[in-house]
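# Fold and contact review
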Amino acid sequence: MIRSSFHYLFLAGIFGLAAVVSGQGFELKLQLQRAHIGEIFLGRQDGATSAYDRGVDIFAPPPGMQTGYVGFTSPNPKLPLLYKDIRGLDLPQEWKLYCQPEGNQPIVLSWSADNIPEGLALTIKQDDSAFDMRTVKRMEVKTKTTLLIELKKGP
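Residues numbered from 1 in each chain as written. Predicted model: local features only at pLDDT ≥ 70, side-chain atom pairs only at ≥ 80, totals over all residues. Heavy atoms only, no water.

### A few points about the pairing of strand β8 (residues 120-126)
Note the cut-off: Exposed residues in this analysis have more than 50% of their type's maximum accessible area, buried residues have under 20%, and partly exposed residues fall in between, with area computed by a 1.4 Å probe over protein chains only. Segments assigned H or I by DSSP are reported as helices when at least four residues long, segments assigned E as strands when at least two residues long, and all are numbered from the N terminus. In this scheme, strands are said to pair when DSSP sees at least two bridges between them.
Of the two faces of β8, the one lined by Leu-120, Leu-122, Ile-124 and Gln-126 is fully buried and the one lined by Ala-121, Thr-123 and Lys-125 carries no buried residue. Sheet topology note: the β8/strand β11 (residues 145-153) ladder contains 6 bridges and is antiparallel. Bridge pairing links Lys-125 to Leu-148 in β11. Where β8 lies against strand β9 (residues 129-132), 4 bridges are found, and the strand directions are antiparallel. Within β9, the residue paired with Thr-123 across the bridge is Asp-132. Between the end of β8 and the start of β9, which pair antiparallel, lie 2 residues, with Asp-127 showing a positive phi angle near 55°.

Below is the structure:
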């Protein structure tokens, strides 16, 4: 009897941990240098979707003069870029970050890996290279491009 109770509690704990990891909401701030805004946000929260969610997602301001332009692309091409793009709790998730540097001044992105929940893997892809956002915490974008940020269940 005690042994079967232990097994039940053990399995319940494992499934509960999996539910917590897969159901974690979070918000990650990407700090920007040489861009028209100083920061941008991505994240997950219960009830959000990959489409534009009024009251959750925020549009980016228009580009400034003589500065880089950065924003998350929206699934709806008629909408402007997003300053804050929050997705649902489903995995995997991906964000497309449009970057247009001004002249020969690269846009610099940086972030704190402490804000990435345990059990999740976040990668950022530039051209043909993918970087783990827990180990690489800074990136320069020298040419107009769209970076792909992917969130998956971690190892």
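### Re the pattern of salt bridges
What counts here: Salt bridges, as used here, are contacts in which a Lys or Arg side-chain nitrogen is within 4 Å of a carboxyl oxygen on Asp or Glu.
For the structure on display, the rule yields 6 salt bridges. Measuring nitrogen to oxygen at the nearest pair gives 3.9 Å for the salt bridge that ties Glu-118 to Arg-134. Placement of the pair is Glu-118 in the loop between β7 (107-110) and β8 and Arg-134 in the loop between β9 and β10 (138-141), with a sequence separation of 16 residues.

### A short note on the nonpolar core
Worth spelling out the cut-off: Put simply, a nonpolar core is a bunch of buried Ala, Val, Leu, Ile, Met, Phe, Trp, Tyr and Cys residues held in one set by side-chain atoms that sit within 4.5 Å of each other. Whether two residues are in contact is decided by their heavy atoms: any pair within 4.5 Å suffices.
Among the nonpolar cores identified, the biggest contains 34 residues, and Leu-28, Leu-30, Phe-72, Leu-97, Leu-109, Met-133 and Ile-149 are the most heavily contacted of them. Sequence-distant contacts of Leu-109, that is, excluding residues within four places in its chain, are made with Leu-30, Gln-31, Leu-32, Leu-97, Lys-137, Arg-138, Met-139, Val-141 and Leu-147.

### Here we look at the confidence of the model for the protein chain
Counted only if it meets this: A residue's pLDDT is simply how confident the predictor is in it, with values from 0 to 100.
Of all residues in the protein chain, 85% have pLDDT values of 70 or greater, and the mean over the chain is 87. Confidence over residues 1-22 falls short of pLDDT 50; this stretch has 7 contacts with residues more than four positions distant or in other chains.

### Looking at the pairing of strand β4 (residues 69-72)
For a regular strand, the rule is simple: side chains alternate between the two faces of the sheet. Because side chains alternate across β4, one face comprises the buried residues Tyr-69 and Gly-71, and the other comprises Val-70 and Phe-72, equally buried. In the sheet, β4 pairs with strand β6 (residues 93-100) via 4 bridges, with the strands oriented antiparallel. Residue pairing in the sheet places Gly-71 in a bridge with Tyr-98 of β6.

### Here's the deal with the side chain of Arg-87
Spelled out, the test is: Any pair of N or O atoms that falls within 3.5 Å is considered a polar contact. Within protein, one atom must be able to donate a hydrogen and the other to accept it, and sequence-neighbouring residues count only if both atoms are side-chain atoms.
With respect to the secondary-structure elements, Arg-87 resides in strand β5 (residues 82-87). Within the structure, the side chain of Arg-87 is placed 2.7 Å from the backbone oxygen of Glu-94, a separation counted as a polar contact. In this structure, Arg-87 is in contact with Gly-43, Arg-44, Gln-45, Ala-48, Thr-49, Ser-50, Gln-93, Glu-94 and Trp-95, ignoring residues within four places of it in sequence.

### Points about the packing of aromatic side chains
This is how it is decided: Only Phe, Tyr and Trp rings take part, Trp by its six-membered ring, and two of them pair if their centres are within 6.5 Å. Stacked means planes under 30 degrees apart, edge-to-face means over 60, and tilted covers everything else.
Summed over all chains, the structure comprises 3 aromatic pairs. When the ring of Tyr-52 is compared with that of Phe-59, the centres are 4.5 Å apart and the planes differ by 10°; the resulting orientation is stacked. Accessibility expressed as a relative area gives 26% for Tyr-52, which makes it partly exposed. Look at Phe-59 and you get partly exposed, because its relative accessible area is 32%. Measuring from ring centre to ring centre gives 6.2 Å for Tyr-69 and Tyr-98, while their planes differ by 75°; the resulting arrangement is edge-to-face. With Tyr-69 in strand β4 and Tyr-98 in strand β6, the pair connects residues that are 29 residues apart, well separated along the chain. Of the two residues, Tyr-69 and Tyr-98, both sit in the buried class.

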